[in-house]
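Topology and contacts: notes
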Amino acid sequence: ITERGPFFSIPDDSVTYEMLTNNSEGAVLVVKGIIKKLTAKPLKSVMIEARVYDQRNNLIESRSAYAGIVPESSELMQQNSSDIETLLTAEPRSLGVLATSSDIPFAVAFFGKSARDGYSIQVEVKEFHWK
């Protein structure tokens, strides 16, 4: 039996934006939110994709991150972009939230020009793996 989706939703009211200043990168736009899991199946991983658009609706940049990892704002302000990117794109080893919770937090960070020029953002589940 093949199950049909949707398996997830990302409620608009769960998505927040935070503009931070990073010591080495300048502007950092942090997009955070909650993926609601709509099934009881245990999840191994879920990756989200966030896209930043300018005022004319042209895509500036798209970034992916594994859900379940939300760094503190202080980390995002002190670490360089490659360290933050490594943290957000590492497949979660601890599956606590993914296996048990129907609410899975996520964060995606954009740096420099993308952070400064971003006007609108789209977020969606890009891929996922059941346990």
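**A few points about the packing of aromatic side chains**
A complete count under the given rule lists 5 aromatic pairs for this structure. Between the aromatic rings of phenylalanine 7 and phenylalanine 128, the centroid separation amounts to 5.6 Å while the plane-to-plane angle is 70°, which identifies the pairing as edge-to-face. With phenylalanine 7 in the segment before strand 1 (8-9) and phenylalanine 128 in strand 7 (residues 120-130), this residue pair connects regions lying 121 residues apart in the sequence. Residue classification places phenylalanine 128 among the partly exposed residues on the basis of a relative accessible area of 28%.

**A word on the pattern of salt bridges**
Pairing between side chains of opposite charge can happen when their charged atoms approach one another. For the structure on display, the rule yields 8 salt bridges. Notably, a salt bridge pairs lysine 36 with aspartate 103, separated by 2.8 Å at the nearest N-O pair. Taken as a pair, lysine 36 in strand 3 (residues 26-37) and aspartate 103 in strand 6 (residues 103-111) lie far apart in primary sequence, 67 residues in all. A salt bridge links lysine 113 to aspartate 117; the shortest N-O distance between them is 2.6 Å. Taken together, the residues span about one helical turn, with lysine 113 and aspartate 117 both in helix 4 (residues 113-117) at a distance of 4 residues. The class for lysine 113 is exposed, based on a relative accessible area of 52%.

**Side note on the confidence of the model for the protein**
Detailed reading of the predicted coordinates is not advisable wherever pLDDT is low. Confidence in the prediction of the protein, expressed as mean pLDDT, is 89, and 94% of residues score 70 or more. Within the protein, no element has a lower average pLDDT than helix 3 (residues 96-100), which sits at 69, and none a higher one than strand 5 (residues 59-66), at 96.

**A short note on the side chain of glutamate 85**
Inspection of the secondary structure puts glutamate 85 in helix 2 (residues 81-89). A distance of 2.6 Å separates a polar atom in the side chain of glutamate 85 from a polar atom in the side chain of arginine 63. In contact with glutamate 85, not counting residues within four places along its chain, are Arg63, Ser64, Ala109 and Phe111.

Scoring rules and cut-offs
Residues numbered from 1 in each chain as written. Predicted model: local features only at pLDDT ≥ 70, side-chain atom pairs only at ≥ 80, totals over all residues. Heavy atoms only, no water. Phe/Tyr/Trp six-rings, centres within 6.5 Å; stacked < 30°, edge-to-face > 60°. Helix = DSSP H or I, 4+ residues; strand = E, 2+ residues; numbered from the N terminus. Buried < 20%, exposed > 50% of the residue type's maximum accessible area, 1.4 Å probe, protein only. Salt bridge = Lys/Arg side-chain N within 4 Å of Asp/Glu carboxyl O. pLDDT = per-residue confidence, 0-100. Polar contact = N/O pair within 3.5 Å; in protein donor to acceptor, adjacent residues only side chain to side chain. Contact = heavy atoms within 4.5 Å.

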